[in-house]
Every structure is written in C-alpha cells, then in structure tokens.
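# Structure at a glance
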Amino acid sequence: RNLIKDNRVVYGGGSAEVSCSLAVSAFADTVPGIEQYAIRAFADALDDLPMALAENAGLSPITEVTSIKARQLAENNPRLGVDCNQIGSNDMKDHLVFETLIGKQQQLQLATQVVKMILKIDDVIMYGGYT
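Source: prediction; values computed, not measured.

A separate point is the overall build of the protein chain. When helices and strands are tallied, the protein chain shows seven helices and two strands. Listing the helices and strands of the protein chain from first to last along the sequence gives α-β-α-α-α-α-α-β-α. Along the first, second and third principal axes, the C-alpha atoms of the protein chain reach 55 × 35 × 30 Å. Out of the 131 residues in the protein chain, the part that is buried amounts to 31%. Here the protein chain has roughly 8800 Å² of accessible surface; of this, 61% comes from carbon and sulfur atoms.

Before going further, it helps to spend a moment on helix H2 (residues 15-28). In a regular helix each residue adds 1.5 Å, so 14 residues correspond to 20 Å; H2 covers 20 Å between its end C-alpha atoms and thus fits that length. Burial in H2 covers these residues: Ser 15, Ala 16, Glu 17, Val 18, Ser 21, Leu 22, Val 24 and Ala 28.

The next point concerns unusual backbone geometry. The backbone of Gln 86 shows a phi angle near 50°, a positive value even though the residue is not glycine. Among the secondary structure elements, Gln 86 is positioned in the loop between helix H5 (61-75) and helix H6 (92-95). Its relative accessible area of 48% is what places Gln 86 among the partly exposed residues. Positive phi, close to 60°, is recorded for Leu 96, a residue that is not glycine.

Calculation criteria
- Residues numbered from 1 in each chain as written.
- Predicted model: local features only at pLDDT ≥ 70, side-chain atom pairs only at ≥ 80, totals over all residues.
- Heavy atoms only, no water.
- Helix = DSSP H or I, 4+ residues; strand = E, 2+ residues; numbered from the N terminus.
- Buried < 20%, exposed > 50% of the residue type's maximum accessible area, 1.4 Å probe, protein only.
- Areas by Shrake-Rupley, 256 points an atom, 1.4 Å probe, with all protein chains shown as cover.
- Expected span 1.5 Å × (residues − 1).

By themselves, these figures tell us nothing about what the structure is for.
See below:
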C-alpha cells in the first residue's frame, strides 16, 4: 500500500536511523542555548533501533553502532547499517534490505508523538502532585 502512494524507499538495517542521527547531531551544533540538549537527546534516541538490531543479532551494540556512525561519516555512505546476517558487509544495498519511505516517516512521527504525550502527562502529574 505504501509503495503505491509513494514508491521511494530507504535502506534498512538501521542505516536510515544512523544517518538521521548524524544529521540531527550536526543540526544541534548550530542551535544555541538549552534547546541543543533536547535535539541531541533526540539524535541519541534514533540510535536505539540500530543498537537493538545489533544486540538481537548477537553483536556488541555499542561497538557496532559507533563503528557504523564513524564509517558513515568517513565514507559519506548513508547505506551502512547493522550486518545482522554477518556476511562481512555493512552496506544494506548488498544485503537488499529496504524499507518504504512512508513507513519510516510514520514510524518516526508516531514515536515522537508518543514521547510528546508522555511528557505532557508527566507535566500534568508534576503540576498537580499526587494529593
């Protein structure tokens, strides 16, 4: 269904999230003040999916994600993701791992909305207290 609406795809395996994390971190460098910390936290949250993929594949999540981030920056290659099949390549084009762009956008928007709702609920509880 999503491919009929928009036939654009992104590479999977956490490569899109790592690439977005790097872009958001770079944007955070341009923002002055305390807002910078919220933007950096969002960038850190984007790294959770590739970390979960690496952990579920039996790899060291921190080592794998930092390696992918460093290689994406060095090689300017946004297709690099978690090599879950352990074939020796982190290029998701070689793995033939794709996701629809609409699906990825919906995932990020929904996750962001959930966090905003939780923060609003937390603000209401903090304001009213537990009396």
